[in-house]
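What follows is the residue order along each chain.
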Amino acid sequence: MERMIIFCMLFFCSSMVLTAPSPKGMKYKQLLKTIECLQDIVKDKDVELLHTPENPQDECLFTAVTCFQNGTLKLQPKDSQVQSKFNTTVNILRTPILKDSGKQCESTCESYEKKAPKAFLRSFAKLMKKVI
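Here goes a summary of the coordinates provided. Note that the coordinates shown come from a computational prediction; the quantities given were computed from them, not determined experimentally.

1. Some details on helix 3 (residues 61–72)
For an α-helix the count is 3.6 residues per turn, leaving residues at separations of three or four pointing the same way. The end-to-end C-alpha separation of helix 3 is 17 Å, in line with the 16 Å expected for twelve residues at 1.5 Å each. Elements in contact with the buried residues of helix 3: strand 1 (50–51), helix 4 (83–93) and helix 5 (117–131).

Written out as structure tokens, the structure is:
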């Protein structure tokens, strides 16, 4: 009986380990939440349009994410009340997200269409969902 209980405990623990999300997946999900949070506090009128990668090929994911990260530096808060939250959120997005795969990508940031900040952030969120 004692052996059966130990076996059941080991089986339960091992199945929990197998179902736990990977740290990388958790990081990407947190970044996705950060991007979605930023959509509510970003200024969308009378601002610079940003190069917005849409549907990049797999070998261009690193380039596309880098374009989005560089674009976040040009975003502005919608008002002074959200300035500190905006700064914190943008700083989170400045950390490296993907490693360079080493594959050559033919497109550059400037080759993508320019869009308003909220459309830019929606595309960034869509890309992060693809990465997840």
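2. Comments concerning helix 5
Counted at 1.5 Å a residue, the expected span for helix 5 with its 15 residues is 21 Å, and the 21 Å between its end C-alpha atoms agrees. Of all the positions in helix 5, only Pro117, Ala119, Phe120, Leu121, Ser123, Phe124, Ala125, Leu127, Met128 and Val131 are classed as buried.

3. Here we look at the nonpolar core
In this structure, Leu38, Leu75, Ile97 and Met128 are the most contacted members of the largest nonpolar core, which totals 26 residues. It is helix 5 that contributes the most residues to this core, seven residues altogether. Not counting the four nearest positions on each side in its chain, Leu75 is found in contact with Leu38, Val42, Leu50, Phe86, Pro117, Phe120 and Leu121.

4. Topic: the state of the cysteines
If you walk through the whole model with that rule in mind, you get two disulfides. Note that Cys60 is cross-linked by a disulfide to Cys105, the S-S spacing being 2.0 Å. A torsion of 105 degrees about the S-S bond marks the disulfide between Cys60 and Cys105 as right-handed. Taken together, the residues span a long stretch of sequence, with Cys60 in the loop between strand 1 and helix 3 and Cys105 in the loop between helix 4 and strand 2 (114–115) at a distance of 45 residues. Looking at Cys60, the relative accessible area reads 4%, which means it is buried. Residue Cys105 is classed as buried on the basis of its relative accessible area of 16%.

5. Some details on the pattern of salt bridges
Opposite charge on two side chains allows them to pair when their charged atoms are near. Within this structure, the stated rule accounts for two salt bridges. Of the charged contacts, one joins Lys74 and Glu48 as a salt bridge, the two residues approaching to 3.7 Å between their closest N and O atoms. Remark: Glu48 occurs in the loop between helix 2 (23–41) and strand 1 and Lys74 occurs in the loop between helix 3 and helix 4; sequence separation between them is 26 residues. You can call Lys74 partly exposed: its relative accessible area is 44%. The partner of Lys115 in a salt bridge is Glu54, with the nearest N and O atoms 2.4 Å apart.

Rules behind the numbers
- Starting from 1, residues in each chain are numbered consecutively following that chain's sequence as written.
- Totals for whole chains, interfaces and linings use every residue, but because this is a predicted model, local features are given only for residues with pLDDT of at least 70 and side-chain atom pairs only at 80 or more, for both listing and counting.
- With hydrogens and water excluded, all non-hydrogen atoms of the structure serve as input to the side-chain values.
- To qualify as a helix, a DSSP run of H or I must reach at least 4 residues; to qualify as a strand, a run of E must reach at least 2; elements of each kind are numbered from the N terminus.
- To estimate the expected span of a helix, subtract one from its residue number and multiply by 1.5 Å.
- Note on contacts: a residue pair qualifies if any of its non-hydrogen atoms lie within 4.5 Å across the two residues.
- Per-residue accessibility, obtained with a 1.4 Å probe over protein chains only, is compared with the maximum for each type, and a residue is labelled buried under 20%, exposed over 50%, and partly exposed between these values.
- To define a nonpolar core, start from buried Ala, Val, Leu, Ile, Met, Phe, Trp, Tyr and Cys residues and group those joined through side-chain atoms within 4.5 Å.
- The definition used for a disulfide is geometric: two cysteine sulfur atoms within 2.5 Å.
- When a carboxyl oxygen of Asp or Glu is within 4 Å of a side-chain nitrogen of Lys or Arg, the pair counts as a salt bridge.

Keep in mind that these numbers describe shape and distance, not what the molecule does.
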